[in-house]
Structure formats: structure tokens, C-alpha cells
Amino acid sequence: MSKSLSWDDLDCPVQPWIRTAIEVMGFDQMTPVQASTIPLFAKNKDVVVESVTGSGKTVSFVIPILEKVIAENANTKNFKKAHFHTLIVSPTRELSKQIKSVIDQFLEHYPEDQYPIRAQLLVGTNESTVRDDVNDLIENRPQILVGTPGRILDFLQMPVVKTTSCSMVILDEADRLLDVSFVKDVERILSVLPKQRRTGLFSATISSAGNTIFKTGLRNPVKITVNSKNHAPSSLKLNYIVVDPELKFQQLLSIVNNYRYKKCIVYFPTCISVTYFYSFIQFLQSKGIINENLSIFSLHGKLQTVSRMKTLEKFTETLDNSVLLTTDVAARGIDIPDVDLVIQLDPPTDSDIFLHRCGRTGRANRIGKAITFLNKGREEDYVPFMQVKNVELEEIKDLTIKGLPKPEEFYNMFKNWILADRSRFDHGVKSFVAFIRYYSNHSASSIFRLQTLDYVSICKMYGLFRLPRMPEITKYLKKDDDPENSVIFKDGWLVDPPVDLDSFAYADKKQEKKRLDELKHLKDIHDKKKLKFELKKKNMAWSNKTETKETKAERRLKMSIKRKAIEDQLAKEDNGDSEDDEVKQDWKEVVMQNKRQKTSSSGIQGSFDDL
């Protein structure tokens, strides 16, 4: 054992009970990032830590936090009510819960005869409100708060919560917290905290945050970079497979069915594609095509918080061979034991996420394998593109599809499964459209180009038998010179004869009745202009429908933010005088009026938010 990595040689004192926890948790020696970070962070230094995924960054800040809580007497009855000592911010609920669980594992060894140290989780759920969180703070008096930016900001804005005792702030996955999605909330959170505090920024890819790290109020920080030249741990093998897009899903199933692993995480491009393929995999499992003893889980950002937490907990704790179908919601920081295989159905739109995904395996020097699928053709340039970023990918050649029906039989099976319920067809089309939009947002736009995409093959991969009406397809679809050899029939059909859409029914009786009523309504229209308008609306391109829904969602979000800002302003100015009450009443009336107008107005039903 290297002397410098022995816990006995740590260059700062550690509480005996913390040493006991370290031994019980099986940390035989420090990792390089722990040996470098703990002494500095425990000795009043701000730190910016960049280290490979799975290298032990969480323990690097948990130990200094616990030491500081004790050193600054936050573990005594004198610690003020409704105050807190440390705030830990992370981008996802799953990561927040995991950080709290690590803290709780340490606290299991805290002496019972001393005033307790507690941690509280602050994430948005349907089971608890911000008011409930505040009540927990007052009642349990936790010194350490862990949560996501949105919920933390709402929590800190409650008048009863006091921030003046906050001594330490951690931004975990700091590059993500400082991108456009979270940076405004993070800035507002930091603005209400004391300037005289210790701040720690941790991530595997902190360099991508650039100058935004200076917005966090760092005071003479020390930058700690571990293993920066090779961003992947040595125990992690990074591979790729070049596939025909039409056979990509079958290749995935073949690996899942035949590869030896304990737990596998499969990354899909969008939330809706997770639910779509999860449903079909369940069907295949019921038919004995997928191993019946394999536990399949699905997790994505559109699920309710409680469902996400339970799914992750089940996947973590199950002793069966298991597969988790997910999106980038489970790409950062999540530490699940026994994950020895990661598969990416498509490379992420942000190249920095690539290593975060791969890093769910090969953690803490355990052996792991990550496989990325690349479509034949231009996408193969992704390999030299990642080489520039010091990420070496090795090709897996001659990998055949085993244990599945022949490609044509498999496609017909997928198609027949869809034909059993029209809602599956709708789901498939939305998944396909969401993928095209996802593909168009790749940061490596010179490689991932809509002009070179094989739309027909991808459409068949999704089990579809007709190309959706999309401007991208109209503009970029490659057509065969010889019409007789073309795989596309009239109106974008990929099968001949085409499916009779008038008789293609929903399994759900209410949905089917609504469809039949709309069909009857169209047949009863005798005005040619009105009929043309109705048909145009009905046959609007899927991507246009999606954009319409997204525009409405953005407007609702902006209105919600504006309304909240005005309400906050009114709350601040409220001195109990009748004039303020009158203003509040006027504002409430405006809100109610808007609601009445929205209720009375007609519009396209449904939501495409999960695209």
C-alpha cells in the first residue's frame, strides 16, 4: 500500500468515529482525490476538484463537512433554531438522495451520547411541500441540507429559514449546475448565503464550466486535478460498435440477452423512447424471447419523483441480473454497486456527458465495460472526435445478433405488436420525432447531421411502417433513383399494402370512441374549405405539433415565473395597509381571469412535453 494513500497518513485530524465508519464502509485506503482534497477543504480552503468519475469525490467533501460541523460547535444545543451549517447542491434528485445516504452511513457510527448531527433532503416530491421541509428543519434541526437547486431556492426564500450560520457550500457536478439550466437558480441561492464561507466545486468535467466558476464566490481557491490526461478510470474499458440503424435495437437485445454481467444500464436518447422500448421489451419477455429471469427497470426525468426514487432503489438493491433503461437523468454521480456494463444506444448530445454515462461502471477500481453504438457512415468520425478529448475507444468487431428472430421476422413482430393498439403507433411516432429533434441538437454537428441520417432504417428500428410527416424528412430524405427498387411507397408508407388508418383502432374504449367521433365529424363536413382546413390541422407535421406544444409550455413557464415574481414583490411590500391588500386582490383577479380565458378557449388536446 502506498504510504501517501494510507488513512493513517492523512494530513489532518479525523474523528475516531469517522475512522470507524471508513473501515466499516470498506475504504481500505484513500483515493488520490481524497488524499488531495480532504486536508485542504478541512483547513479553510476553497477547492475546485476535477477527478475521474467513480474516484471517491463524495467522501472527499463529506469528511471535511462532518469535521467542520464538530469544530464549529454546530453539533450542540447552542446551534440556532431554523439555521443550518452546510448546504450541498446537486443537479438531480437521485444524486441528492445518494449523497444524503453516504452522510447517513457515516452518521451511523456517531456517538449516541453526543448532540446529534442530522442531514435533511430537499427535493421536489408530490408527498411533501416546501412548508413540510421548513417544519422538518425547525423540528429536527439538521445541520446539513442536501438537495436540488429549485427546491433549495424555494426553501431558502421562506422567511423562517435563516442562512447566516451557513459555513460550507458544495456544488456537486458543478459544471452541470453552472450551465444555462441551473445557473440562475444557483446564483440566487449563493447570493443569500454568507460571503465568508468555504465553497467546494466537484465534477469529473469541471473544466467545461469555464469562467462561470467565478460566479460562485470562490475566495483564493485551490484547484485539484486528478488523472486529467486520461479522463476514464483504468479499470473501465471503452468500446464501440458500428451498426446498421435498422438492427440497432436488435443488437442491444442480443447483448442484454447473451452478455455476462450483473447489472447493466442502457442509455436512450429521450424519455419517451425509454417508455416505448420498455413496453416492447416487456412483451418480448412475456414471449420468452428475452430472458425471463432478467429484471428490467425504466427510469427517466418525466416520472414523478417518488417513482424515480423507488425504481432506483429497487435496481440498486435487487440481487437478480438486471437492466435499467434510462436517460441522462442517471448519468451523473449515481453510484450503483455491481454495474459492470453500460450501453449507449446513441452518443449524448454533449460530449462531456459521454464519460459521465460510462462512469456508472468501473467505479472505485472495479472492472467495467461501456459500449457505444454508432450508426454506419458519418457517425464513425465520433471515434477520432473523442480522441481529441483524450478518450480512446476500441471497436468491437464481428459481433453477431444471437437468439432473436431473423431481422424481417423481428420487424414483423414489432409491427404486429404496434397494430394491436393504435396508441402504440402514436407512442412510436412521438419517440421517432423526439429522436430526430435530439439528433439535431448534437454539439458535434459536423458529425451528427440530419442530411446524412438514414430515416427509413431508423423508422424501422422504432417498428414503424410509415414515415411521419416532418420537414426534416421532406428536406433530407434520400430517395432511390429507381422507383421500382424504392423501399418507400406512396405517402411515406414502408409496407404494401398500407395499413387502413380508418379502421386502425385504439385498445382503450374511450380513446377509440373519441377517434370515431372525430372521423364521423370529418365525414359530415360538406363545406370543402372547412374540410380542407380540418384535414390540414389533422395532418399537420408531427414536429410542427411538437413545436406548438413547446411554445405553449414556454409561455406557461414564463407566466408562472412572472406571477411568482410579482407575488414575492407584493409579499415583501406587505405592511398590512389596505392599499396593499387591494393590490393583491387585483392581482388575484387578473390570475383568475386568465384561468377562465384558458378554460373557455379551445385548442389541440394532449401534451408532447416529454419529447
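Residues numbered from 1 in each chain as written. Predicted model: local features only at pLDDT ≥ 70, side-chain atom pairs only at ≥ 80, totals over all residues. Heavy atoms only, no water.

**Student:** So, the UniProt feature "short sequence motif: Q motif" (unreviewed entry) in the protein chain: which residues are in play, and what are the values?
**Tutor:** In the UniProt entry, the feature "short sequence motif: Q motif" (unreviewed entry) is given for residues 7–35. Between the end C-alpha atoms of residues 7–35 there is a gap of 8 Å, over a span that is 45% helix and 0% strand. (UniProt positions renumbered as here; feature names shortened; annotations may be inferred. Helix = DSSP H or I, 4+ residues; strand = E, 2+ residues; numbered from the N terminus.)

**Student:** How would you sum up the pairing of strand β4 (residues 144–147)? Please name residues and give values.
**Tutor:** Alternating positions in β4 separate into two faces, I144 and V146 on one and L145 and G147 on the other, with burial throughout. As paired elements, strand β3 (residues 119–122) and β4 share 4 bridges and run parallel to each other. In the strand pairing of β4, L122 is matched with G147. One crossover worth recording links β3 to the parallel β4 by way of helix α5 (residues 130–140), and it is right-handed. (Buried < 20%, exposed > 50% of the residue type's maximum accessible area, 1.4 Å probe, protein only. Pairing = 2+ DSSP bridges. Right-handed = clockwise from strand over helix to strand, strands pointing away.)

**Student:** An account of the pattern of salt bridges is needed here, citing residue identities and associated values.
**Tutor:** Under the defined criterion, the tally for this structure stands at 16 salt bridges. A salt bridge links K97 to E313; its shortest N-O distance comes to 3.3 Å. You can see K97 sitting in helix α4 (residues 93–107) and its partner E313 sitting in helix α11 (residues 305–317), a full 216 residues away along the chain. Because the salt bridges share partners, they merge into one network encompassing E173, D175 and R332. (Salt bridge = Lys/Arg side-chain N within 4 Å of Asp/Glu carboxyl O.)

**Student:** Tell me about the pairing of strand β10 (residues 295–299), and please be specific about residues and values.
**Tutor:** The buried fraction of β10 amounts to 5 of the 5 residues, a majority that puts the element mostly inside the structure. In β10, alternate side chains face the same way, and those of S295, F297 and L299 on one face and I296 and S298 on the other are all buried. Where β10 meets strand β11 (residues 322–326), 5 bridges bridge the pair, whose relative direction is parallel. Pairing of S295 across the sheet is with S322, part of β11. As for the winding sense of the linkage, the β-α-β connection from β10 through α11 to β11 is right-handed.

**Student:** Tell me about the confidence of the model for the protein chain, residues and numbers included.
**Tutor:** In the predicted model, the protein chain carries a mean pLDDT of 85, and 83% of its residues have values of at least 70. Here residues 481–485 is a poorly scored stretch, pLDDT under 50, and it has 1 contact once near neighbours within four places are set aside; other chains count. Contacts for the low-pLDDT stretch residues 600–611, under 50 throughout, to residues beyond four places or in other chains number 21 contacts. (pLDDT = per-residue confidence, 0-100. Contact = heavy atoms within 4.5 Å.)

**Student:** An account of the sheet that holds strand β2 (residues 86–89) is needed here, citing residue identities and associated values.
**Tutor:** Spatially, the 7 strands line up as an open sheet ordered β3-β4-β2-β5-β6-β1-β7, and their pairing is parallel. The sheet is open, and its two borders are formed by β3 and β7 (222–226), each paired with just one other strand. Strand-to-strand twist in this sheet, taken as the mean axis angle between neighbours without regard to direction, amounts to 15°. Across 4 bridges, strand β1 (residues 47–51) lies against strand β6 (residues 198–203) in parallel orientation. (Axes fitted to C-alpha atoms, helices over the stretch in contact; angles between N-to-C directions.)

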